[in-house]
Amino acid sequence: MDQTTKLSHASSQIRPRDEDKAVSKAPTTTVWRPSLTPEMVGFRLLKLTNLLTRPFFGKFAKQHALTLTEWRTIVVLANRPGIASQDIAALTGLHPMNISRAVTGLRNAGRVRDERDPDNHRRSLLWLTDFGQQTFREIAPHSEQQAAFLLEPFTEEELQQLATMVDKLVKRAEEFTEGE
């Protein structure tokens, strides 16, 4: 157990003082305190995500009239044209309703077009329009620079290990969010 976990575990229980025991012979109870702390790996991953998305809001959201979810949808469509919004939700981990709203916003802005899936007429397949592709080309280099800067200190071996660990975390997260 690492030190943070030990401290978190130790502080999650409060025991009655000796003088409290003398006053009452009632059974002692454990008072629950949350073990969720800013030092936890999951919380630090949230911080990393927030720090990585901050430049988007400062530089691109207003300039291009885009939400972060719309941008993420554009990134997926630039790399996987002709997929359905359900597939975008699965690739990003975002809720399907949020992707649906993003697609509607992108369609209304002229950045996305859709066609019925010839194999399943209940699904629409999505593509970036020329305007959507232009938006991607304008923002993507900045995101790529940021990623290069972030990962620069790592060796190839460390990057592979990180990728493996992230894949394991994603798989576990998908397991406990199945059916939601």
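Residues numbered from 1 in each chain as written. Predicted model: local features only at pLDDT ≥ 70, side-chain atom pairs only at ≥ 80, totals over all residues. Heavy atoms only, no water.

## Regarding the pattern of salt bridges
Evaluated as defined, the whole model comprises six salt bridges. The partner of R123 in a salt bridge is D117, with the nearest N and O atoms 3.4 Å apart. Look at R123 and you get partly exposed, because its relative accessible area is 21%. One salt bridge connects E175 with R172, and the closest N-O pair in it is separated by 3.4 Å. Of this pair, E175 and R172 both sit in helix α8 (residues 156-177), three residues apart, roughly one helical turn. Residue E175 is classed as partly exposed on the basis of its relative accessible area of 37%. Salt bridges linked by common partners bring D87, D117 and R123 together as one network. (Salt bridge = Lys/Arg side-chain N within 4 Å of Asp/Glu carboxyl O. Buried < 20%, exposed > 50% of the residue type's maximum accessible area, 1.4 Å probe, protein only. Helix = DSSP H or I, 4+ residues; strand = E, 2+ residues; numbered from the N terminus.)

## Thoughts on the pairing of strand β1 (residues 112-117)
Here six bridges tie β1 to strand β2 (residues 120-128), and the two strands are oriented antiparallel to one another. By the bridge assignment, D117 is partnered in β2 with N120. Between β1 and β2, which pair antiparallel and follow one another directly, the connecting turn spans two residues. (Pairing = 2+ DSSP bridges.)

## Things to note about the confidence of the model for the protein chain
Mean pLDDT over the protein chain stands at 86; residues scoring 70 or higher make up 83%. Per-residue pLDDT stays below 50 along residues 1-21; that stretch engages in 16 contacts with residues further than four places along the chain or on separate chains. (pLDDT = per-residue confidence, 0-100. Contact = heavy atoms within 4.5 Å.)

## Focus: the environment of S143
With respect to the secondary-structure elements, S143 resides in helix α7 (residues 130-151). Separated by 90 residues in the primary sequence, S143 and T53 have C-alpha atoms spaced 9.4 Å apart.

## A look at the nonpolar core
Counting residues in each nonpolar core, the largest one holds 21 residues, and the members touching the most others are F56, L66, W71, L77 and I88. Residue contributions to this core peak at five residues, all from helix α4 (residues 68-79). (Core = buried A, V, L, I, M, F, W, Y, C linked by side-chain atoms within 4.5 Å.)

## Quick notes on the packing of α4 against helix α5 (residues 85-92)
Following both chains from N to C, one finds α4 and α5 inclined at 105 degrees, their axes separated by 10 Å at the closest point. When the interaxial angle is binned, α4 and α5 end up roughly perpendicular. Within the contact between the two elements, α4 uses T73, V76 and L77 and α5 uses I88, L91 and T92. (Axes fitted to C-alpha atoms, helices over the stretch in contact; angles between N-to-C directions. Parallel < 35°, antiparallel > 145°, perpendicular 65-115°, else oblique.)

## Remarks on α7
Counted at 1.5 Å a residue, the expected span for α7 with its 22 residues is 32 Å, and the 31 Å between its end C-alpha atoms agrees. Maximum bend of α7: about 35 degrees, positioned at I139, with proline P141 one to four residues after it. Within the sequence span of α7, burial applies to G132, T135, I139 and A140. Here the buried face of α7 lies against α3 (41-64), α4 and β2. (Expected span 1.5 Å × (residues − 1). Bend = angle between axes of the 7 residues up to and from the residue.)

## So, the packing of α4 against α7
The N-to-C vectors of α4 and α7 enclose an angle of 100 degrees; their axes lie 10 Å apart at closest approach. On the basis of the axis angle, α4 is roughly perpendicular to α7. For the pair α4 and α7, contact is made by W71, I74, V75, A78 and N79 and by G132, T135, F136, I139, A140 and S143, respectively. Counted by class, the contact of α4 with α7 contains seven nonpolar, four polar and no charged residues. (Nonpolar A, V, L, I, M, F, W, Y, C, P; charged D, E, K, R; others polar.)

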